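In case you want the letters, here they are:
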Amino acid sequence: MTAQRQERNGWRPGSAFIALLSGAAVAGIALAAHAATTERLVADRTTGLAIGGFDPVAYFTDAQPLVGQPGFEAAEAGAIWRFRNEGNRAFFLAHPEIYSPQFGGYDPVDVARGVAFAGNPRFWLISGERLYLFGREASRDAFAASPQSFVQEAAKHWPDLVETLAQ
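Basis of the calculations
Residues numbered from 1 in each chain as written. Predicted model: local features only at pLDDT ≥ 70, side-chain atom pairs only at ≥ 80, totals over all residues. Heavy atoms only, no water. Helix = DSSP H or I, 4+ residues; strand = E, 2+ residues; numbered from the N terminus. Expected span 1.5 Å × (residues − 1). Bend = angle between axes of the 7 residues up to and from the residue. Buried < 20%, exposed > 50% of the residue type's maximum accessible area, 1.4 Å probe, protein only. Contact = heavy atoms within 4.5 Å. Core = buried A, V, L, I, M, F, W, Y, C linked by side-chain atoms within 4.5 Å. Pairing = 2+ DSSP bridges. 1 Å grid on protein atoms, 1.4 Å probe; cavity = no way out; pocket = protein on both sides within 12 Å on 5 of 7 lines; lining within 4 Å. Points joined across faces, edges and corners; volume = space filled by probe spheres on them. Nonpolar A, V, L, I, M, F, W, Y, C, P; charged D, E, K, R; others polar. Phe/Tyr/Trp six-rings, centres within 6.5 Å; stacked < 30°, edge-to-face > 60°. Lys NZ or Arg CZ within 6 Å of the ring centre and 35° of its normal. Salt bridge = Lys/Arg side-chain N within 4 Å of Asp/Glu carboxyl O.

Asker: Quick question: what am I supposed to make of helix α8 (residues 147–164) here?
Answerer: For an α-helix, 3.6 residues make a turn, and residues three or four places apart therefore share a direction. For α8, built from 18 residues, the straight-helix expectation of 26 Å at 1.5 Å per residue is met to within 8% by its first-to-last C-alpha distance of 25 Å. The principal kink in α8, of about 45 degrees, is found at tryptophan 158, preceding the proline proline 159 by one to four residues. Residues of α8 that are buried include every one of Val151, Ala154, Trp158, Leu161 and Val162, and no others. Packing partners of the buried residues in α8 comprise α6 (108–112), β4 (130–134) and α7 (137–145).

Asker: Even after reading the chapter, I still don't get the nonpolar core, so can you show me in this structure?
Answerer: Soluble globular proteins: nonpolar side chains tend toward being buried together. The biggest cluster of nonpolar side chains holds 17 residues, and the ones touching the most others in it are Phe103, Tyr106, Val111, Tyr132, Phe143 and Trp158. Within the residue set of this core, elements represented by two or more residues are α6, β4 and α8. In terms of residue count, the dominant contributor to this core is α8 (five residues). Grouped together as the second largest cluster of nonpolar side chains are 15 residues, Ile51, Phe83, Trp124 and Leu133 included.

Asker: So what exactly am I meant to see when it comes to the pairing of strand β3 (residues 120–127) here?
Answerer: In the case of a regular strand, side chains alternate between the two sheet surfaces. As paired strands, β3 and β4 are joined by five bridges and run antiparallel to one another. Across the sheet, residue leucine 125 finds its bridge partner in β4, namely tyrosine 132.

Asker: When you look at the layout of surface pockets in this model, what are you seeing that I'm missing?
Answerer: The method is simple in principle: a probe with the dimensions of a water molecule rolls over the atoms, and the space it marks as empty is what remains. In this structure, the largest pocket occupies an estimated 280 Å³ of space. In terms of lining residues, the largest pocket is bounded by 17 residues, among which Arg40, Leu41, Ala77, Trp81 and Gly104 are the most central. Mapped by element, the contributors of at least two residues to the lining of the largest pocket are β2 (79–83) and α5 (96–99). Here the lining of the largest pocket is composed, by residue class, of nine nonpolar, five polar and three charged.

Asker: Help me understand the packing of aromatic side chains in this model?
Answerer: Aromatic rings considered in pairs are described by the distance between their centres and by the relative angle of their planes. Enumeration over the complete set of coordinates arrives at ten aromatic pairs. Three or more aromatic residues joined by ring pairs form one cluster here, namely Phe103, Tyr106, Tyr132, Phe134, Phe143, Phe150 and Trp158. A cation over a ring is seen here: arginine 136 above phenylalanine 117, with NZ or CZ 4.8 Å from the ring centre.

Asker: Is there a simple way to think about the pattern of salt bridges in this case?
Answerer: Opposite charge on two side chains makes pairing possible when the charged atoms of those side chains draw close. For the structure on display, the rule yields seven salt bridges. Of the charged contacts, one joins aspartate 110 and arginine 113 as a salt bridge, the two residues approaching to 2.5 Å between their closest N and O atoms. Owing to a relative accessible area of 1%, aspartate 110 belongs among the buried residues under this scheme. Here arginine 140 makes a salt bridge to glutamate 137, at a shortest N to O gap of 3.5 Å. Of this pair, arginine 140 and glutamate 137 both sit in helix α7, three residues apart, which is roughly one turn of the helix. Residues participating in the shared-partner salt-bridge network are Asp110, Arg113 and Arg136.

Structure, rendered in structure tokens:
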């Protein structure tokens, strides 16, 4: 806009508001990325819910992601886990190492590259009787083609990567 048009139109609060919103959106994305990659277990910082409140046992028993109920919760590994029923809660508490997502819920394809990228509870796969969450469908598909190679590579990187994540 030329100086003459600016003088004629005056200061536009709408333009300033849009610029402010754009800046806030960029900052929000940066904070969300930071929040998703600074914990050893993927959990919501405001609610403390692990894996978005989805029932980790339901992946095994119902073969689908199902949201847990507030009435069936348990604290484990510094997060709150939700379950569909008391039976799922009991299974999880008896064997959290089996039902918890591997690599703390981080995408194993990214962990294999040495990067902590939070998995999405809707992109999942059970391989070798273990639950894996993925950040993207493409990662899940790549993992499904060669799960053992990704697990081996991720297992090499995980100890060093977990040290960079906050406790």
